[in-house]
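Given next are the chains, with one letter for each unit.
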Amino acid sequence: MARIHTAKPTATKTPEAISPMGEAWGQFLRNRPAVFGLVLLAAIVAFVLYGRYGFAGDPYRIVWGPLTAPGVREGVYLGTDFLGRDLLTGLLKGGAPTLAVGISAAFLTVVIGIAVGALAGFFGGWMDDLLMRLTEFFQVLPALLFAMVLVTLFSPSLFTISFAIGIVSWPPTARLTRAEFLRIRELEYVTAARSIGASNRRIIWRVILPNALPPLIVSATLTVGVAILFEAGLSFLGLGDPNTISWGLMIGQNRGYLLEAWWPVAIPGIAIFLTVFAVSLVGDGLNDAFNPKLRSR
Amino acid sequence: MLMKRRTLFGALASVLALGIGLATAQPRTGGEMVIVSGENPRHLNPAVQSGVATAVPGTQIFASPLRVDENWNFHPYLAQSWDWSDDGLSLTLNLVDNAVFHDGVPVTSADVAFSIMTIKANHPFQTMFGPVEAVDTPDPHTAIIRLSAPHPALLLALTGALCPIIPQHVYGDGQDVRDHPANNAPVGSGPFRLAEYRPGEQITLERFDDFFIDGRPYLDGITIRIVRDAASVTLSLESGEADAGIITDASAITRLGATDGLTVTPRGFEGIGPIQWLAFNTRVAPLDDVRVRQAIAYSMDRDFILNALMRGVAASQQGPIIESSPFFNPDMPSYNLDLDRANALLDEAGYPRDADGNRFTITMDTIPGRDSALGNVPEYLRSQLREVGINVELRTSPDFPTWAGRLASGDFQMSMDVVFNWGDPVIGVHRTYLSSNIRPVIWSNTQGYVNARVDELLAEAGSTLDTDARRALYAEFQDIVGAELPVYWINALPYHHVFDDRIELPLSIWGMMQSMDEVYWTEDR
């Protein structure tokens, strides 16, 4: 016992120099595309935050003739949509709801996915069977169709859209969590924790979950991108929240005029593309950073 | 002497007419016509089902007592002549004596009586034959329609899809006509008979050789192809796979209009008179104040809606009666963009702007799935009403019945709505403004609008036979509702007929929803 106590300070000293988090961060910074993604993402977030809190324009205001091309009129830098509303204002104001849907849907996905995956992986047996059948049930439903049904049923709002995307996207996270739990619960330190009488809750929360977290963080990051695309897809099909301007809604409302004017669809489309691209690069960077074994590749 | 001169003029006129007729168009017999339809009919019996999808095939299979032309004039069809009694309480129809149903049984006055009473009992348009008390049949070729009150819409109600003569020996077997098996295998006396019906896919009609008008129909057959979406309708007309169709989408109209060999025309929809309007729930604040309703009307730019949103293919519509109708009153109050006036009216109504410039928030319902086809007017309204300090919150409904239920039960503030005139104001206009028609069903007086003078005027116009007298009554009616705005009329929906240039297709006010026995190919397809 005493030996262990004396060993501890030395054991914590060395990790301070090369702590896992610090090591991962260093690894991340060495990954050029990931850094580029992070910078891009920061720029987008700054743009969106400025639109949310700093910029006073009204995205619904008709400023000039409908479908004015970008640059044709001074002050209407990105052109206007089918009603003559300024696209730049729409882009600024529509960013926050777009990102909010992405993040909250990803959060919901992770919460459900981890809960289901952790219980199934940790307890096994009938609980595993039951939860995995449930997961498979959700997994075989076509995600977009299922989300459309949910949104239509509860009438489209940012909340219901986030909810619907979360409900249809959690199965992969659940399976990933379960796999991690199945692997980790057999490791020595879990057995050790169990042998000193730790409760199941403590083992799940304090012992297994922190160790299973890195792949889940990567998965959650990528889910943000998927959720943003999902929102755009729903809006494109006319199922967006009609009372909140978002990039997807801008595309959906203007798609009928695509043959006459490409910019009202292309400009928010590019914004979505850049965001999802940045999020994916960051996600990939995190993945590499958390998986030392893949580093050399 | 006078008589003689008249006869001479008459003869001269007919010789001239014949000469012109010979010079321009000699109907050719033969050939088939393919119609493409984006709508799937519930069945083929217009006696118990309204709507364009049923009316087009239905009017080919079933003949009606009368026909109407593009100038709202009536012509003989199954009835070779008709007579009003002096008191306007009975109409005698003298039927042709050579009409037979597709199964060979002669058409008699008993069938006419049976049809009218069946339609009265089952058709959604209750006012159409509302005053009909009985149909007497003194002999097989005379039917006398007895009315409880004069009914000016009666002649129109005897045309096209509104009055198909259905055989009593088929439909009179005691089964409910609304679900009768013969609705999918109808037997009528029209120019074409049903050869094959594959629900959701195709309706094949072939020439009926014993049709009661000699030499008609000119075509050998009509095929109605039912396709799922609007884009396929456009494509099949563009490629020449189909020869005719009905389209409402602005981009399709522009595109097909520029296609060689196709005629695209808004004519032929004067009868249905499809009006898009903004409905106000006049029972709830702030819309119970007429000044608020007027302010909303002054916030909208008609030209913008017609040119930018409807892309110049829709007609303006400033009142309750379709502008192409003889009863439309062009002098009724009209509203166009005037933001100062709108702001003044809202101030006056007691809704001042708050610190952020907002007056109040209002909910607006949209018709599920139809926003883009209807020109995205709700989106436009939201932008415009913000200019005068009104916040619009759009409310979507998951499906059509939900939306209809909300309107019917009065659970709304404003909503987009599309309502058809159906020929005579008695059929399609009265229902929206009569206080006695505030009922929990869609397309009744869902606005809860009450005006005693309007009730009076409509009651009188609905029981006056003289057209000029009716026009005066409707003119006053339009002045009143124009000032009080229970709804704000926006535009006529851009229904268009499309057909191959080589087809001679007379378009009455009913368009393709009337017998097409006079349609022919001017040259081989």
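Residues numbered from 1 in each chain as written. Chains lettered and ligands numbered in written order. Predicted model: local features only at pLDDT ≥ 70, side-chain atom pairs only at ≥ 80, totals over all residues. Heavy atoms only, no water.

**Regarding the overall build of chain B**
Reasoning step 1: For chain B, the helix and strand inventory stands at 16 helices and 21 strands.
Reasoning step 2: For chain B, the C-alpha radius of gyration of 24 Å lies close to 24 Å, the compact-globule estimate for 525 residues.
Reasoning step 3: In terms of principal-axis extent, the alpha carbons of chain B reach across some 80 × 60 × 55 Å.
Reasoning step 4: Nonlocal contacts in chain B, meaning residues at least 24 apart in sequence, comprise 70% of its contacts between residues at least 6 apart.
Reasoning step 5: Counting every atom, chain B has about 20,600 Å² of accessible surface; 50% of that belongs to carbon and sulfur.
Reasoning step 6: If the 37 positive side-chain charges of chain B are averaged to one point and the 66 negative ones to another, these points end up 1 Å apart. (Helix = DSSP H or I, 4+ residues; strand = E, 2+ residues; numbered from the N terminus. Rg over C-alpha atoms; globule rule 2.2 N^0.38 Å. Contact = heavy atoms within 4.5 Å. Areas by Shrake-Rupley, 256 points an atom, 1.4 Å probe, with all protein chains shown as cover. Lys, Arg positive; Asp, Glu negative; His and termini not counted. Charge placed at Lys NZ, Arg CZ, Asp CG, Glu CD.)

**A few points about the packing of aromatic side chains**
Reasoning step 1: Going through the model one piece at a time under the given rule, you end up with 27 aromatic pairs over all chains.
Reasoning step 2: Their ring planes at 45° and their centres at 5.3 Å tell us that B:Phe269 and B:Tyr495 sit as a pair that is tilted. With B:Phe269 in the loop between β12 (262-265) and β13 (274-280) and B:Tyr495 in the loop between β18 (487-492) and β19 (496-500), the pair connects residues that are 226 residues apart, well separated along the chain. Neither residue differs from the other here; B:Phe269 and B:Tyr495 are each classed as buried.
Reasoning step 3: Through successive ring pairs, a cluster of aromatic residues spans B:Phe125, B:Phe269, B:Phe420, B:Trp422, B:Tyr495 and B:Trp510.
Reasoning step 4: Above the plane of the ring of A:Tyr53 lies A:Arg52, whose end atom (NZ or CZ) is 5.1 Å from the centre. (Phe/Tyr/Trp six-rings, centres within 6.5 Å; stacked < 30°, edge-to-face > 60°. Buried < 20%, exposed > 50% of the residue type's maximum accessible area, 1.4 Å probe, protein only. Lys NZ or Arg CZ within 6 Å of the ring centre and 35° of its normal.)

**Concerning the packing of helix α10 (residues 247-254) of chain A against helix α11 (residues 263-290) of chain A**
All names here are of chain A.
Reasoning step 1: Viewed as axis vectors pointing N to C, α10 and α11 meet at an angle of 150°, and their least axial separation amounts to 8 Å. Classified by the interaxial angle, the pair formed by α10 and α11 is roughly antiparallel. When you trace α10 past α11, the crossing you get is left-handed. On α11, the residues touching Trp-247, Gly-248, Met-250, Ile-251 and Asn-254 of α10 are Pro-264, Val-265, Pro-268, Gly-269, Ala-271, Ile-272 and Thr-275. (Axes fitted to C-alpha atoms, helices over the stretch in contact; angles between N-to-C directions. Parallel < 35°, antiparallel > 145°, perpendicular 65-115°, else oblique. Left-handed = near helix turned anticlockwise from the far one by under 90°.)

**Things to note about the interface of chain B and chain A**
Reasoning step 1: If you look at the interface, chain B gives 17 residues, while chain A gives 17 residues.
Reasoning step 2: Summing both sides of the interface, chain B and chain A together bury roughly 1,600 Å²; the carbon and sulfur share of this comes to 50%.
Reasoning step 3: At the boundary of chain B with chain A, the tally comes to 3 salt bridges.
Reasoning step 4: A salt bridge links A:Asp58 to B:Arg386; its shortest N-O distance comes to 2.9 Å.
Reasoning step 5: Across the chain B-chain A interface, the total number found is 8 residue pairs in polar contact (both at pLDDT 80 or more).
Reasoning step 6: Of all the elements, helix α11 (residues 377-387) of chain B adds the most residues to the side of chain B that touches chain A, at 7 residues.
Reasoning step 7: For the side of chain B that touches chain A, a count of residues per class yields 7 nonpolar, 4 polar and 6 charged. (Buried area = accessible area lost by both parts, 1.4 Å probe. Salt bridge = Lys/Arg side-chain N within 4 Å of Asp/Glu carboxyl O. Polar contact = N/O pair within 3.5 Å; in protein donor to acceptor, adjacent residues only side chain to side chain. Nonpolar A, V, L, I, M, F, W, Y, C, P; charged D, E, K, R; others polar.)

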